[in-house]
Amino acid sequence: MKLCMIGTGYVGLVSGVCFSDLGNEVICVDKDQDKINNLKQGIIPIYEPGLEELVLKNYKNKRLKFSTNLSNSIKKSDIVFICVGTPTKKNSTGADLSQIFSVAKEISKSINKFKIIITKSTVPVTTGDEIEKILSKKVNKNKFSVASNPEFLREGEAIRDFIYPDRVVIGSNDKKSATKLRNLYSPLISKGAKFISTNRRAAELIKYASNAFLATKITFINEIANLCEKAQIDVEDISIGIGLDKRIGSRFLRAGPAYGGSCFPKDTKAIVNTADKFKINLSVIKSVINSNSLRSKLLLKKVNEILNKKIRNKNICFLGVTFKANTDDMRDSSSLEMIPFLSKKGAQIKYYDPTGFKKEFSNLKNVNFANSIGEAVKGSDLVILHTEWNDFKSINFKKLHSSKNLKIYDMRNIYSPLKIKSQGFKYFGIGR
Ligand code: UDX
């Protein structure tokens, strides 16, 4: 099939490349000329394991093309995916849909034959209806169909998540288009992915409800971890103990810092905003947002206790600063709250992240990037394991640090407390 992906951000690029790898002809369009020039040379704008190889392979065999010419790309395609950003609006909690609507206007000028227009971007319920209205102003209704096909790609696992999805959701109010889209996904469905066909608004809501539910699960275990810490229970036992109940499920029950990234913080706010418009109070999700927003302060309070209320001039090392492992993404990472706070309190901070220096910390006092784990840990009073990179899972602290006074705050519960204690260091985890 001939596809056009509008927007070569995370969703558009990964999905476009994977669709081309499944044998489709795909044009990835972006208005950013530099980005497109780079992609043509195999320079990938994001850090995502496996993506570069797939781009090079499919660009070489000409199934994958890159362009800045939106109109031509739409004209050449049968299926057009809208994959532009829907960030949180300034001074509001709702999603900013300006890019979606401006793309819809552009599409309306370039419909030369029947096309299915699909939102892959995360969009609030009724956005598909709005897109339909925009298109109808210029084009006859029998020339297009608007559908919703939300993505469930995790950063760092995006290619795997695309190829082996738990489910493919298509929301369409028109049966013919739903069948066509099912065919597009048939290579994945034949490998076991479940296919769900709903109306358009339901598909839009499935995406938000999924992310809000996962954020709730994480926040739930984080609060249980707070209780465990006081009651001398290991939260890891609780995660296993409740997760084995199939009705609960074991995934997304890892207690840790506040959840972050480009989706959960933004989508939880946006679903509440949408519900408000329908005069519905999503009190559970509101409470999740609130709990998560307080989590970094809670963990910083613990840092203060670990350092016996003397943060000034203490050498603190952060291992990992991204919001999770296998990504260079800093969006809504809890390190963005923790490091500036500790720097303001007079700590000397060194951080190491496998994805390198972060401009976000460049203007902070006494915050420096270290070139290796060893350099970061050396001379520290406290090591904070902030992100669960594999690189940090078997550090020999004894080799890197001579003083027994080293304290380790393992915010991802990577290490066995007993093992660290047996090496003579002080260990602190989350909910244990
Ligand atoms: C998420 C969704 O998982 C994906 O389906 C959606 O399409 C985009 O948003 P992503 O933001 O890449 O993906 O990261 P994810 O792996 O879901 O983690 C989000 C946050 O939750 C991270 O801060 C992570 O550290 C945290 N998390 C996750 C936990 O604290 N505990 C867990 O058990 C799982």
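1. Here we look at the domain arrangement of the protein
Point 1. For the protein, the assigned domains read domain 1 (2-198), domain 2 (208-293) and domain 3 (294-429).
Point 2. Each side of the interface is counted separately: domain 1 has five residues, and domain 3 has nine residues.
Point 3. Each partner contributes to the roughly 570 Å² buried at the junction of domain 1 and domain 3, and carbon and sulfur atoms together form 44% of this total.
Point 4. The largest per-residue losses of area from domain 1 upon contact with domain 3 belong to Tyr 47, Glu 155 and Gly 156, which jointly make up 83% of the total buried on that side.
Point 5. Applying the counting rule to domain 1 against domain 3 returns one salt bridge.
Point 6. Glu 155 is paired through a salt bridge with Arg 331; the nearest N and O atoms lie 3.9 Å apart.
Point 7. The interface formed by domain 1 and domain 3 includes two residue pairs in polar contact (both at pLDDT 80 or more).

2. Quick notes on the site of the ligand
Point 1. Around the ligand there are 18 residues in total, and Glu 155, Arg 254, Gly 260, Lys 324 and Arg 412 lie nearest to it.
Point 2. Between the ligand and Arg 412, the relevant distance is 3.0 Å, taken from an oxygen atom to a side-chain nitrogen or oxygen of the residue.
Point 3. Calculation on the ligand without its partners gives an accessible area of 660 Å², and the protein chains cover 96% of this total.
Point 4. With three residues, helix H10 (residues 200-231) is the single largest residue contributor to the shell around the ligand.

3. Description of the pattern of salt bridges
Point 1. Considering all chains together, one arrives at 22 salt bridges under this definition.
Point 2. With a shortest N-O distance of 2.8 Å, Asp 21 and Lys 57 are connected by a salt bridge. Pair noted here: Asp 21 is in helix H1 (residues 10-21) and Lys 57 is in helix H3 (residues 51-60), with a separation of 36 residues, a long-range link.
Point 3. The exposure class of Asp 21 is partly exposed, given its relative accessible area of 25%.
Point 4. Lys 113 is the partner of Asp 78 in a salt bridge, and the nearest nitrogen-oxygen pair spans 3.4 Å. Of the two residues, Asp 78 is situated in the loop between helix H4 (70-75) and strand E4 (79-82) and Lys 113 in the loop between helix H5 (98-108) and strand E5 (115-119); the sequence distance between them amounts to 35 residues.
Point 5. Taking relative accessible area as the criterion, Asp 78 reaches 22% and is therefore assigned partly exposed.
Point 6. A residue is classified by how much of its surface remains accessible, and Lys 113, at 34% relative accessible area, is partly exposed.
Point 7. Where salt bridges share partners, they join Asp 129, Glu 132, Arg 200 and Arg 201 into one cluster.

4. Remarks on the pairing of strand E12 (residues 382-385)
Point 1. Both faces of E12 are covered, namely the face carrying Leu 382 and Ile 384 and the face carrying Val 383 and Leu 385.
Point 2. Sheet topology note: the strand E9 (residues 315-319)/E12 ladder contains four bridges and is parallel. Bridge pairing in E12 links Cys 317 to Val 383.
Point 3. Judged from the four bridges that link them, E12 and strand E13 (residues 407-410) form a sheet pairing that is parallel. From the neighbouring strand, Val 383 faces E13, where its bridge partner is Ile 408.

5. Describing the state of the cysteines
Point 1. Tallied over the full model, the rule gives zero disulfides.
Point 2. Cys 4 carries a free sulfur, and the closest cysteine sulfur to it, the one in Cys 28, is 8.2 Å from it.
Point 3. By relative accessible area, which is 0% here, Cys 4 ends up buried.

6. Side note on the sheet that holds strand E1 (residues 2-6)
Point 1. Strand order across the open sheet formed by eight strands is E3-E2-E1-E4-E5-E6-E7-E8, with mixed pairing between neighbours. The open sheet terminates on both sides in strands that have one partner only, identified here as strand E3 (64-67) and strand E8 (194-198). On average, each strand axis in the sheet is inclined to that of its neighbour by 25 degrees, with strand direction left out of account.
Point 2. Summarising the sheet, E1 and E4 pair through four bridges and their orientation is parallel. What sits directly across from Met 5, in E4, is Phe 81.
Point 3. On top of the sheet, helix H2 (residues 33-40) reaches strand E2 (25-29) and E3; it is set at about 150 degrees to E3, its chief contact.
Point 4. Sheet strands in contact with helix H6 (residues 127-136) are E4, E5 and strand E6 (144-148), and its direction is about 160 degrees off that of E6.

7. Describing the sheet that holds strand E14 (residues 426-429)
Point 1. On the basis of which strands lie adjacent, the open sheet formed by six strands has the order E11-E10-E9-E12-E13-E14 and parallel pairing. The open sheet has two free edges, formed respectively by strand E11 (367-369) and E14, since each of these has just one partner strand. Averaged over all neighbouring strand pairs, the angle between strand axes comes to 20 degrees, with direction disregarded.
Point 2. Of the pairings in the sheet, the one linking E9 to strand E10 (residues 348-352) comprises five bridges and is parallel in character. From the neighbouring strand, Leu 319 faces E10, where its bridge partner is Tyr 352.

8. Some details on the packing of helix H12 (residues 264-277) against helix H13 (residues 283-306)
Point 1. Between H12 and H13, the shortest axis-to-axis distance is 10 Å and the interhelical angle comes to 145 degrees. Crossing hand, H12 versus H13: left-handed. Taking contact as the criterion, the partners of Thr 268, Lys 269, Ile 271, Val 272 and Asp 276 in H12 are, on H13, Ile 285, Lys 286 and Ile 289.
Point 2. Each residue belonging to the contact of H12 with H13 can be placed in one class, and the counts come to four nonpolar, one polar and three charged.

Cut-offs used in this document
Residues numbered from 1 in each chain as written. Predicted model: local features only at pLDDT ≥ 70, side-chain atom pairs only at ≥ 80, totals over all residues. Heavy atoms only, no water. Domains from an automatic or database assignment. Contact = heavy atoms within 4.5 Å. Buried area = accessible area lost by both parts, 1.4 Å probe. Salt bridge = Lys/Arg side-chain N within 4 Å of Asp/Glu carboxyl O. Polar contact = N/O pair within 3.5 Å; in protein donor to acceptor, adjacent residues only side chain to side chain. Near = heavy atom within 4 Å. Areas by Shrake-Rupley, 256 points an atom, 1.4 Å probe, with all protein chains shown as cover. Helix = DSSP H or I, 4+ residues; strand = E, 2+ residues; numbered from the N terminus. Buried < 20%, exposed > 50% of the residue type's maximum accessible area, 1.4 Å probe, protein only. Pairing = 2+ DSSP bridges. Disulfide = S-S within 2.5 Å. Axes fitted to C-alpha atoms, helices over the stretch in contact; angles between N-to-C directions. Left-handed = near helix turned anticlockwise from the far one by under 90°. Nonpolar A, V, L, I, M, F, W, Y, C, P; charged D, E, K, R; others polar.

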